[in-house]
Amino acid sequence: MVERRPYLTVLTHLTLILGAGLIALPVWIAFAASTHEASDFLSGLMPLLPGDKLVENYWKVLAHGESSAGAPPIGLMLFNSTVMALSIAVGKIAISLLSAFAIVYFRFPLKMAAFWIIFLTLMLPVEVRILPTYEVVAGLGLLNTYAGLSIPLIASATATFLFRQVFLTIPDELTEAARIDGAGPMKFFRDILIPLSRTNIAALFVILFIYGWNQYLWPLLVTTDASHYTAVMGIQRMVAVPDSEPLWHLIMATAILAMLPPVVVILLMQRLFVQGLIEQEK
Amino acid sequence: MTDKRVSFSGLLLPAALLAPQLAVTAVFFLWPASQAVYQSLLRQDAFGLSVTFVGLDNFVRLFEDSSYLSSVQVTIVFSAATAILSMSAALLFAVAADRVLRGSTAYKTLLIWPYAVAPVLAGVLWWLMFNPSIGIIAYILRGLGISWNHVLDGDQAMILIIVAASWKQVSYNFVFFLAGLQSIPRSLIEAAAIDGAGPVKRFFTVTLPLLSPTSFFLAVVNLVYAFFDTFGIVHATTNGGPGTATTILVYKVFKDGFIGLNLGSSAAQSVILMLFVIALTIIQFRFIERRVHY
């Protein structure tokens, strides 16, 4: 703040309070809806304040799911989402660390070619190669498996570039010292590079966990069997019930549960999250 | 490419280190992409029995197809509106958050969490708010004399997906605008203040021009977001309808390929989208190179 302007300060706070309220409103409405029973949604305005069916509704979707829509219990879907998000985050970080190490610390023929092949993945998001990627995964027999859900998404140009940037800032003296002490490349990688990149790894992990958890189109394609549905895609099965009013209270309870884990991750690790977000795009 | 002065020797080890990344890239990126290009040049008959090579005919047909052209138009309207809406709201909040001294951390926390909400969930939340019979926004609009029914009215369905997509994206833009604002040297703002420029004038003549790299970067990211990541919003709430009023390009690739089983046309649409992403990526990288120089 450059100068004192009380009116402007009040206006600033009002803007922020209004903004925060507007951002929170849909989730509040969804939460309120998730604590009522089906008969409260038949006519007129939906309830705006929480009701008394919280435990009942959440227990119902967690343990039983909405069986009429063919959706499995949310407990299972949350588990599937966790497995998928963790595999994607860990897998992406692992293979990107290894390839960044190879690109930065070794001289070998075709290095530029490898670099450009990795770079190409940036230009091919899953949405533009839907059908052929599906055919590859089906051909490998990976439909309805955790491997099929995660492996096709773990190649990452941005993570490789990020670790390349980090490694480039690590002083050469460390490498020399390690070599004089007789450390081989893998020992140097394990005992020096990884510890020095710890914060970057943690920040990237937060971003990638959210990325993995929120995947929609890909799980929609490769899971035809309800036992492998993820929470974020499973909700579509509940929404798309033909010829009947949506079961709002159960849909919203599911939505709240499906958004809870990544939101908690952001709230707990806000600083790492902001760092990871900004770093990844550099 | 910059290199380390000190490096390790060997051929087998770097090859082994790169192998997992390259293998995944080859199997799940390069091969499918080449297949998409190949299939875009073929046409299958209705029963999938025979395949003929048709050259660029699938592409020619697309550009003569009014449903494809209308989908292009829908996508442009949708992504431009989403980018403008979410970026202006985020800029407003970022300027405010940059100005407050007390409670700024709390405000930041309250504004960034929707980043974690999947687009499809954002769609479902707003779908309830806008529900014609029980939703609160439809109720308020009714009070104002506007009859809301996005199931029948294409423009209203478009508004629904724009609002849902923007709501989710505000937090991302907010983080980048705030970082951009905080990197502007205070001395510049103070100098302008001493020269007699008020807050509004300072914003438009000093802050906004200095934010232009951030704004350009965000415009590209938001465009990519609106083109691709919003598939879930459309698929779960409007299903591209009513009619084709909200059929964005990605949704059309999915619909024509998986539901209509028109493989040649779907592949041709994929190839066009690929070219679009490649063009955007190149623009962005050229821009970043330029930014490094000044």
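Going along each chain's sequence as written, the residues are numbered from 1 onward. Lettering of chains starts at A and numbering of ligands starts at 1, both following the order in which they are written. Under the rules for a predicted model, residues below a pLDDT of 70 receive no local features and side-chain atom pairs below 80 are neither given nor counted, while totals for whole chains, interfaces and linings still include all residues. To get the side-chain values, take all heavy atoms of the structure and skip hydrogens and water.

**Here we look at the overall build of chain A**
Regarding its fold elements, chain A presents 14 helices and 0 strands. Secondary structure is summarised from DSSP: a helix means a run of H or I of at least four residues, a strand means a run of E of at least two, and numbering begins at the N terminus for each. Its helices and strands in sequence order give chain A the pattern α-α-α-α-α-α-α-α-α-α-α-α-α-α, from N to C terminus. Radius of gyration: C-alpha atoms only; globule rule: 2.2 Å multiplied by the number of residues to the exponent 0.38. At 24 Å, chain A has a C-alpha radius of gyration far larger than the 19 Å of a compact globule built from 282 residues. Along the first, second and third principal axes, the C-alpha set of chain A runs to 75 × 65 × 30 Å. The buried label goes to any residue with under 20% of its type's maximum accessible area, the exposed label to any with over 50%, and the partly exposed label to all in between, with areas taken from a 1.4 Å probe on protein chains only. Considering chain A as a whole, with its 282 residues, one finds that 54% of them fall into the buried category. Within chain A, contacts between residues separated by at least 24 positions form 71% of all contacts whose residues are at least 6 apart in sequence. Accessible surface area values rest on a Shrake-Rupley calculation with a 1.4 Å probe, where residue burial reflects the displayed protein chains alone. As displayed, chain A has an accessible area near 11,800 Å², and 68% of this comes from carbon and sulfur atoms. Put simply, chain A has 16 plus and 18 minus side-chain charges, and the middle of one group is 12 Å from the middle of the other. Contacts: residue pairs with any heavy atoms within 4.5 Å of one another. Note that His is not counted, nor are the chain ends; the positive residues are Lys and Arg, and the negative ones are Asp and Glu. Positions of charges follow a simple convention, taking NZ of Lys, CZ of Arg, CG of Asp or CD of Glu.

**A few points about the packing of helix 3 (residues 66-99) of chain B against helix 10 (residues 212-229) of chain B**
Residue and element names in this part refer to chain B. Axis definition: a line fitted to C-alpha atoms, limited for helices to the stretch in contact. Angles are taken between N-to-C directions and run from 0 to 180 degrees. Orientation of helix 3 relative to helix 10, taken along the N-to-C sense of each, is 135 degrees, at an axis distance of 9 Å. Judged on the interaxial angle alone, helix 10 and helix 3 are oblique. The handedness of the crossing between helix 3 and helix 10 comes out as right-handed. Along its contact with helix 3, which presents Thr75, Phe78, Ser79, Thr82, Ala83, Ser86 and Met87, the element helix 10 presents Ser215, Leu218, Ala219, Asn222, Leu223, Tyr225, Ala226 and Phe227. Counted by class, the contact of helix 3 with helix 10 contains 9 nonpolar, 6 polar and no charged residues. Between 65 and 115 degrees an angle is taken as roughly perpendicular, under 35 as roughly parallel, over 145 as roughly antiparallel, and anywhere else as oblique. Handedness of each helix crossing follows the sense of rotation of the near helix against the far helix: counterclockwise by less than a right angle gives left-handed, clockwise gives right-handed. Under the grouping applied here, Gly and all other residues not named as nonpolar or charged are polar, the nonpolar ones being Ala, Val, Leu, Ile, Met, Phe, Trp, Tyr, Cys and Pro and the charged ones Asp, Glu, Lys and Arg.

**Side note on the domain arrangement of chain B**
Residue and element names in this part refer to chain B. For the purposes of this description, domain bounds are those given by an automatic or database domain assignment. Partitioning chain B into structural domains gives domain 1 (12-53) and domain 2 (58-293). With centres defined by C-alpha atoms, the gap from domain 1 to domain 2 works out at 31 Å. With 9 residues of domain 1 at the interface, the matching set in domain 2 holds 9 residues. Interface area for domain 1 against domain 2, summed over the two sides, is near 710 Å², with a carbon-plus-sulfur share of 57%. In the sections that follow, a salt bridge refers to a side-chain nitrogen of Lys or Arg positioned within 4 Å of a carboxyl oxygen of Asp or Glu. Applying the counting criterion to the domain 1 and domain 2 interface returns 0 salt bridges. Contributing elements (two or more residues each) for the side of domain 1 that touches domain 2: helix 1 (12-39) and strand 1 (42-44). When two parts are put together, the accessible area they lose, computed with a 1.4 Å probe and summed over both, is reported as buried area.

**Section: the interface of chain A and chain B**
Taken residue by residue, the interface counts 114 residues in chain A and 100 residues in chain B. Carbon and sulfur atoms make up 77% of the area that chain A and chain B hide from each other, which totals about 9,900 Å². Linking chain A to chain B there are 0 salt bridges. Any pair of N or O atoms that falls within 3.5 Å is considered a polar contact. Within protein, one atom must be able to donate a hydrogen and the other to accept it, and sequence-neighbouring residues count only if both atoms are side-chain atoms. Applying the counting criterion to the chain A and chain B interface returns 12 residue pairs in polar contact (both at pLDDT 80 or more). The dominant element in the side of chain A that touches chain B, judged by the number of residues it contributes, is helix 1 (residues 6-33) of chain A, at 18 residues. In terms of residue class, the side of chain A that touches chain B is built from 83 nonpolar, 18 polar and 13 charged.

**Some thoughts on the packing of aromatic side chains**
Residues and elements named next belong to chain A. Pairing of aromatic rings covers Phe, Tyr and the six-membered ring of Trp, with a centre-to-centre limit of 6.5 Å; geometry is then stacked below 30 degrees between planes, edge-to-face above 60, and tilted otherwise. This model, assessed by the stated rule, comprises 36 aromatic pairs over all chains. Pairing Tyr105 with Phe188 gives two aromatic rings, centres 5.2 Å apart and planes at 70 degrees, and the pair type is edge-to-face. One end of the pair, Tyr105, is in helix 3 (residues 74-105); the other, Phe188, is in helix 9 (residues 185-196), and 83 residues separate them in sequence. Each member of the pair, Tyr105 together with Phe188, is buried.

**Overview of unusual backbone geometry**
The residue Leu110 of chain A is not glycine, and still its phi comes out positive at about 70 degrees. Along the chain, Leu110 of chain A falls in the loop between helix 3 and helix 4 (111-120). The exposure class of Leu110 of chain A is exposed, given its relative accessible area of 69%. Not every positive phi belongs to a glycine, and Asn239 of chain B is a case in point at roughly 55 degrees.

**Overview of the side chain of Thr238 of chain B**
All names here are of chain B. Along the chain, Thr238 turns up in helix 11 (residues 231-238). Looking at Thr238, the relative accessible area reads 12%, which means it is buried. Among residues more than four places away in sequence, those in contact with Thr238 are Ala157, Leu160, Ile161, Ile233 and Thr246.

**Examining the pattern of salt bridges**
All names here are of chain A. Tallied over the full model, the rule gives 7 salt bridges over all chains. We note a salt bridge from Asp52 to Lys53, for which the minimum N-O separation is 3.5 Å. Residue classification places Asp52 among the exposed residues on the basis of a relative accessible area of 67%. Sharing partners across several salt bridges, the network here consists of Glu37, Asp52 and Lys53.

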